[in-house]
Structures are given as structure tokens and as C-alpha cells.
Amino acid sequence: MKFILDAEQRLFGETLHKLLAEAGTPAAIRAWAAGSHGPGLALWRSLADAGVLAVAVPESAGGAGPLPVELVTAFHELGRHAAPGPLAESVAVAALLDRLAPEDLVVAPETVDAWLACIAEGKTVATAALPPAVPYALDADAAGLVLTVNGDELRAALPGAARVSLDPARRLFPVEGGELLARGPSVRAAAEAARDMGALATAAQLVGVGRALLDASVEYARARRQFGRPIGEFQAVKHHLANTLVGLEYARPLVHGAALAHGSPDFPRDVSAAKVAASEAAYAAAKIALQVHGAIGYTDEYDPSLWIRKARALHSAWGSPSAHRARVLAALAHRRVRDPGQKSSW
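Structural notes, computed from the coordinates. (Residues numbered from 1 in each chain as written. Predicted model: local features only at pLDDT ≥ 70, side-chain atom pairs only at ≥ 80, totals over all residues. Heavy atoms only, no water.)

1. Brief notes about the overall build of the protein
On a plain count of helices and strands, the protein comes out with 11 helices and 8 strands. Considering only C-alpha atoms, the protein reaches an extent of 70 × 55 × 40 Å along its principal axes. Out of the 346 residues in the protein, the part that is buried amounts to 52%. In the protein, once contacts between residues fewer than 6 apart in sequence are set aside, the share between residues at least 24 apart is 71%. Looking at the protein as shown, the accessible area adds up to about 15,500 Å², and 56% of this sits on carbon and sulfur atoms. The average position of the 34 basic charges and that of the 35 acidic charges among the side chains of the protein differ by 10 Å. (Helix = DSSP H or I, 4+ residues; strand = E, 2+ residues; numbered from the N terminus. Buried < 20%, exposed > 50% of the residue type's maximum accessible area, 1.4 Å probe, protein only. Contact = heavy atoms within 4.5 Å. Areas by Shrake-Rupley, 256 points an atom, 1.4 Å probe, with all protein chains shown as cover. Lys, Arg positive; Asp, Glu negative; His and termini not counted. Charge placed at Lys NZ, Arg CZ, Asp CG, Glu CD.)

Below, the structure is given as C-alpha cells:
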């Protein structure tokens with residue numbers, strides 16, 4: 001099956017690619033990792049102006065969405081340029097807030113609508129801890145809205161001390177529950193929807209990260225010479241790079257397929273399948289990038305190291321591949337029990 005973006009979606013992606021390329025994201029990433037949020041927040045506002053966050057917020061709350069295909073198009077570019085900040089987390093918070101039933105709210109519905117509008121406009125950076133899949137709130141020190149869910153309760157979160165991350169630009173904060181915002185059955189369902197949207201956005205990021213690493217590896221293999229020849233001419237290197245491309249090209253349609261399944265009963269299963277494929281493809285791209293570049297690939301001063309670290313951190317963010325693989329298998333088993341005559345398409 002082919003997934004072809006329409007002209008507007010392609011233009012959206014191309015516009016974001018140009019914006020991020022001109023923004024010089026490596027400097028913003030390094031500043032963010034050092035605790036200086038200014039460059040990253042300036043980029044955040046530019047992305048919001050381009051509509052990146054609006055596609056996750058419903059039109060009724062001042063957004064343009066939910067538009068899942070546009071969302072994965074945007075997050076592919078965000079991963080390709082390794083943009084810092086809790087972008088997937090803000091998308092997840094938007095999904096969480098949108099699905100809360102009015103009767104379960106402790107705060108006024110107008111407050112929730114205001115939060116959603118601020119997320120869409122880039123005025124509020126949002127993040128959340130949604131255990132067990134998301135035990136920490138990413139970049140809570142930079143966020144204006146930090147939430148956590150425990151069972152059927154949604155609370156404003158109180159961050160603790162930051163934990164060390166595989167990616168220094170991803171600062172992880174344990175949280176405790178503070179002010180009660182909502183309580184009831186819709187909170188659990190909203191949290192599940194938020195986890196799926198966060199995982200989908202992260203899967204799209206991973207494909208973008210992997211593609212950037214592959215491009216950097218190909219460029220380096222063309223320039224680096226051994227035994228009088230570019231290392232890219234050696235068959236072993238060619239095979240490794242080709243296998244990396246195959247993995248990424250396999251993952252990309254799964255991500256778009258999951259986006260197209262948004263709103264259907266198969267959406268959670270398809271998100272998990274996409275997250276497994278994207279995690280493994282990007283992780284493989286990071287390993288090959290390190291092998292092709294050698295030790296220089298992991299030095300702080302060398303830009304590809306920023307992408308290598310992000311690929312490793314995102315590999316297990318919003319659910320590990322093993323957890324998502326188990327969910328896919330459970331969904332398929334349930335489908336077969338429900339309809340024994342149904343042939344699996346997997």
C-alpha cells in the first residue's frame with residue numbers, strides 16, 4: 001500500500017524543513033541540554049506559528065485539528081532536525097485535555113479550552129507523566145503546564161529533581177500530584193488516547209532522526225577514504241547503509257498508516273506497530289552511523305552525536321518496542337478470538 005501526501009501536506013513538510021534548517025537546531029539543542037531554554041523556546045514559537053501544534057488541537061479550542069497525517073508530517077521534520085523540547089508531550093497533553101468529559105472536570109471547562117488554545121498558539125509548553133509507559137515529565141522545568149494521571153485522577157504535577165537521560169537535551173523529571181483537575185472514567189480513556197498520540201508523534205520523530213543519520217552516514221562514507229578509496233565503495237558499508245534505508249522505508253508507511261487509522265478501533269494497534277518499526281529502524285541507523293563515523297560520531301562537538309543520542313533515548317520513549325509488540329500481539333489475538341474466521345493481514 002502506498003501513502004502519498006497531497007500537495008498541501010508536502011508543502012507543510014517542506015516549509016518546516018526549511019524553517020528548521022535555517023534555525024540552526026544543533027546550537028539550540030546544546031543550549032537546551034545546558035538548561036538555557038531561550039533558543040529552543042524561540043524555535044518553539046516559530047513552529048507554533050507554522051501550525052505544528054495547532055494540528056493536534058481541535059478547531060473548537062482554537063486549533064486546526066486533529067489532523068494526524070499533518071502531525072506525523074511535522075514530526076518527521078522535527079526528528080530530522082532533532083528539535084528540542086517536549087513536542088510529543090504537548091501533543092499528548094492536547095489529546096488528553098480534549099477527551100475529558102465535562103462532568104468529570106473539577107476546573108471550569110473554559111480553563112481547559114484556554115489551555116488548549118495556548119498550546120496551539122505556542123504560548124504554553126506542556127508536558128505530562130502518564131505512567132506506566134511515561135513515568136517522567138519531559139522538560140518540566142521549561143513547561144508552563146505539567147500534568148500527571150493516576151488512575152482516574154488528573155492533577156497538576158509538581159516536578160522533582162531532574163534525572164539523567166541518554167539524551168542530555170531530554171531532561172526527565174519525576175513528579176508528584178498537586179491540584180486535582182479532573183476525576184472520573186473519562187480520565188483513564190483520555191490518558192490512553194494521550195499515550196497513543198504521544199507514541200505516534202515519537203514514531204514519526206524516530207523516522208526523521210533515522211533518516212538524518214542515514215544521510216549523514218552516506219555523506220561521510222563518500223568523503224572518508226581508506227586504502228585510497230572512499231569507504232562508501234566497500235561492499236560491507238554499502239550493505240549496512242542499504243539495510244538501514246530498508247528499515248526506515250518499512251517504518252515510514254506504518255507511521256502514516258497509523259495516522260490514517262486515527263479514530264478507528266485499530267488505531268492503538270497500528271500506533272504500536274509503527275512505534276516498534278520506527279524505534280528499531282532509528283536505533284539501527286544510529287548504530288550504523290556510529291560504525292561509519294567511528295569514535296568521532298559520539299563526540300560532543302560533532303553534530304551527528306546529537307542525533308545518535310536522541311535515537312537511543314526515543315527508542316524506549318512512550319513505550320518500549322517490547323511493550324508495543326506485546327500490544328500488537330494482544331490486539332491480533334483478540335481479533336482472532338472475536339472472529340475465528342478472520343484471516344490476519346499481519
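Having seen the structure, we can now continue with the description.
2. Observations regarding the pairing of strand 1 (residues 126–129)
Burial along strand 1 is two-sided: Ala126 and Ala128 and Thr127 and Ala129, pointing in opposite directions, are all buried. The sheet contact formed by strand 1 and strand 3 (residues 145–150) spans 4 bridges and is parallel. For Thr127, the partnering residue across the bridge sits in strand 3 and is Val146. (Pairing = 2+ DSSP bridges.)

3. Side note on the side chain of Arg309
Along the chain, the position of Arg309 falls in helix 10 (residues 304–316). On the basis of relative accessible area, Arg309 is assigned to the buried category, the value being 11%. A polar atom in the side chain of Arg309 sits 2.8 Å from the side chain of Asp300. With residues near it in sequence (within four places) discarded, Arg309 still touches Leu166, Asp167, Pro168, Tyr298 and Asp300. (Polar contact = N/O pair within 3.5 Å; in protein donor to acceptor, adjacent residues only side chain to side chain.)

4. Observations regarding the nonpolar core
Of all hydrophobic cores here, the largest spans 104 residues; its most connected members are Leu71, Phe75, Leu97, Leu147, Leu154 and Leu213. Here this core takes 18 residues from helix 7 (residues 185–223), the largest share from any one element. Non-local contacts of Leu147, meaning those with residues more than four positions away in its chain, are made with Val93, Leu96, Leu97, Thr127, Ala128, Ala129, Leu154, Arg155, Ala156, Ala157 and Leu181. (Core = buried A, V, L, I, M, F, W, Y, C linked by side-chain atoms within 4.5 Å.)

5. Focus on the environment of Ala117
By the element assignment, Ala117 lies in helix 6 (residues 109–121). On the basis of relative accessibility, which here comes to 19%, the residue Ala117 falls in the buried class. Sequence separation between Ala117 and Ala190 is 73 residues; the distance between their C-alpha atoms is 18 Å.

6. Remarks on the pattern of salt bridges
Going through the model one piece at a time under the given rule, you end up with 17 salt bridges. Between Asp98 and Arg99 there is a salt bridge, with the nearest N and O atoms lying 3.9 Å from each other. Its salt-bridge partner being Arg327, residue Asp196 comes within 2.7 Å of it at the nearest N-O pair. A residue pair is termed long-range when its members are at least 10 positions apart, and Asp196 in helix 7 and Arg327 in helix 11 (residues 321–338) qualify at 131 residues. Put simply, Arg211, Asp215, Glu249 and Arg252 are held in one network by salt bridges that share partners. (Salt bridge = Lys/Arg side-chain N within 4 Å of Asp/Glu carboxyl O.)

7. Some points on helix 2 (residues 25–33)
Those residues of helix 2 that sit buried are Thr25, Pro26, Ala28, Ile29, Ala31 and Trp32. Elements in contact with the buried residues of helix 2: helix 1 (7–23), helix 3 (38–49) and helix 10. Where helix 2 terminates, the next one or two residues include Gly35, which has phi positive at roughly 90°.

8. Quick look at the packing of helix 2 against helix 3
Their axes nearest at 7 Å, the elements helix 2 and helix 3 cross at an angle of 125°. Overall, the two elements helix 2 and helix 3 adopt an arrangement that is oblique. Residue-level inspection shows Thr25, Ala28, Ala31 and Trp32 of helix 2 in contact with helix 3, the latter providing Pro39, Gly40, Leu41 and Leu43. For the contact of helix 2 with helix 3, the per-class residue count stands at 6 nonpolar, 2 polar and no charged. (Axes fitted to C-alpha atoms, helices over the stretch in contact; angles between N-to-C directions. Parallel < 35°, antiparallel > 145°, perpendicular 65-115°, else oblique. Nonpolar A, V, L, I, M, F, W, Y, C, P; charged D, E, K, R; others polar.)

9. Digging into the side chain of His81
Topologically, His81 is positioned in the loop between helix 4 (68–80) and helix 5 (87–98). Among the residues examined, His81 registers a relative accessible area of 9% and is labelled buried. Of note is the side chain of His81, whose polar atom sits 2.8 Å from the side chain of His17. Discounting residues that sit within four places of it in the chain, His81 has contacts with His17, Leu20, Ala21, Thr25, Ile29 and Trp307.

10. Some details on the sheet that holds strand 4 (residues 153–159)
A sheet is described by the order of its strands in space; here 4 strands give the open sequence 1-3-4-6, paired in mixed fashion. The open sheet has two edge strands with one neighbour each: strand 1 and strand 6 (175–183). Direction aside, neighbouring strands of the sheet carry axes that sit 35° apart on average. Relative to strand 6, strand 4 is paired through 6 bridges, and the arrangement is antiparallel. Bridge pairing in strand 6 places Arg155 opposite Leu180. Set on the sheet, helix 5 makes contact with strand 1, strand 3 and strand 4; between it and strand 1 the angle comes to about 75°.

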